[in-house]
Amino acid sequence: GRYHYLLNKYDDIAVLDVRGPIVSYESWINRFFGMVSYEEIANAAVTASRDPNISKILLKMDSPGGTVKGVDECCNTLRLLAKNELPIYTLVSGEMNSAAYFIGSVATKIFSTALSISGSIGAVRPLISQFNMLKDMGIDVKILRSPEFKALGHPLEPMNDKAIEVHQQSTEHFAQLFEQYVAENRGTTVELVREKFGQGKTFIGQLAVDNGLVDEITTFEAVIKRLRSND
């Protein structure tokens, strides 16, 4: 069907390939640049769920993460499907970091290949100022704003402590929401996620298992065989 480039069928298992950086919106250009969107992931999962011969979904993840916008809606869609008796499993096949882990953590069980990387739980937000560059070019810029926090940290104004403080607060808020989702998905506490899930670090293979991010080291073929036998 429409999402054939994301979905493969192994008997009653729908394998949903999530590869590359994740963006917010569905577009033909995503495939051209090796990206995927939250909309495509959610829509492909819904498409698989409508097939009466599909009894479970395997998210095959190889993504460094992506944007914030849309990740919660995608996760909520997958949660709803799982709640309606369509089990979702995840296999880390390469990497599952940041927003990719946000999505993949919704699974009943997370598998990983031995050399795959998982983690990077948190948020990052670049704050860039082009003010000095423009000044060197003889270009004078003044940002006029009302009220005082409108577009604070605009790239055409000098870097300042107030902008850094405000953007740091919002970044920490995003990170806290990320931790809450992961804690709910993994059936643990936010405190444990903060303490043991790496504080933004990534883990390879067995180290991801040891720290609770992944449940088991295996292979794609072994996972398919297990899910076919309903283990």
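Residues numbered from 1 in each chain as written. Predicted model: local features only at pLDDT ≥ 70, side-chain atom pairs only at ≥ 80, totals over all residues. Heavy atoms only, no water.

Enquirer: Mind showing me how you'd approach the overall build of the protein here?
Expert: Secondary structure assignment for the protein yields 9 helices and 10 strands. Counting only C-alpha atoms and orienting by the principal axes, one finds that the protein spans roughly 70 × 40 × 30 Å. A total of 231 residues make up the protein; the buried ones form 40% of that total. Put simply, 66% of the contacts in the protein that link residues at least 6 apart link residues at least 24 apart. For the protein, the accessible area works out to roughly 12,800 Å², and carbon and sulfur atoms hold 53% of it. Charged side chains in the protein number 24 positive and 28 negative. The centres of these two groups are separated by 3 Å. (Helix = DSSP H or I, 4+ residues; strand = E, 2+ residues; numbered from the N terminus. Buried < 20%, exposed > 50% of the residue type's maximum accessible area, 1.4 Å probe, protein only. Contact = heavy atoms within 4.5 Å. Areas by Shrake-Rupley, 256 points an atom, 1.4 Å probe, with all protein chains shown as cover. Lys, Arg positive; Asp, Glu negative; His and termini not counted. Charge placed at Lys NZ, Arg CZ, Asp CG, Glu CD.)

Enquirer: Before we go on, may I ask you to explain the layout of surface pockets in this structure?
Expert: Space inside the largest pocket adds up to approximately 440 Å³. Forming the walls of the largest pocket are 21 residues, and the residues nearest its centre are Thr67, Val68, Gly122, Ala123 and Phe178. At the level of elements, helix H3 (71-83), helix H4 (99-104) and helix H6 (161-186) are the ones that each hand at least two residues to the lining of the largest pocket. Among the elements that take part in the lining of the largest pocket, H6 stands out by supplying 5 residues, more than any other. Considered as a void within the structure, the second largest pocket measures approximately 170 Å³ in volume. (1 Å grid on protein atoms, 1.4 Å probe; cavity = no way out; pocket = protein on both sides within 12 Å on 5 of 7 lines; lining within 4 Å. Points joined across faces, edges and corners; volume = space filled by probe spheres on them.)

Enquirer: Is there a simple way to explain the pairing of strand S7 (residues 109-112) in this structure?
Expert: Each regular strand displays side chains that alternate between the two surfaces of the sheet. Here 4 bridges tie strand S6 (residues 88-97) to S7, and the two strands are oriented parallel to one another. Bridged to Tyr89 within S7 is Lys109. Since S6 and S7 lie parallel, the crossover through H4 that links them has a hand, and here it is right-handed. Bridge count between S7 and strand S10 (residues 216-217): 2 bridges; the pairing is parallel. Bridge pairing in S10 places Ser112 opposite Ile217. (Pairing = 2+ DSSP bridges. Right-handed = clockwise from strand over helix to strand, strands pointing away.)

Enquirer: Any chance you could explain empty space enclosed by the protein here in plain terms?
Expert: Space left empty within the atom packing is revealed by a probe, the size of a water molecule, rolled over the atoms. Going through the model one piece at a time under the given rule, you end up with 1 cavity of 30 Å³ or more. When its volume is computed, the largest cavity comes out at roughly 40 Å³. In terms of residue class, the lining of the largest cavity is built from 5 nonpolar, 4 polar and 1 charged. (Nonpolar A, V, L, I, M, F, W, Y, C, P; charged D, E, K, R; others polar.)

Enquirer: Just to check I follow, could you spell out the side chain of Ser112 for this structure?
Expert: Relative to the helices and strands, Ser112 is located in strand S7. Setting aside residues up to four positions removed in sequence, Ser112 forms contacts with Leu91, Val92, Val214, Glu216, Ile217 and Thr218.

Enquirer: Just to check I follow, could you spell out the side chain of Ser118 for this structure?
Expert: In this fold, Ser118 is placed in strand S8 (residues 117-119). Relative accessible area serves as the criterion here: at 0%, Ser118 is assigned to the buried category. Dropping the residues within four chain positions of it, Ser118 is found in contact with Val92, Met96, Asn97, Tyr101, Lys201, Thr202, Phe203, Ala208, Leu213 and Val214.

Any functional reading would require information beyond the geometric quantities listed.
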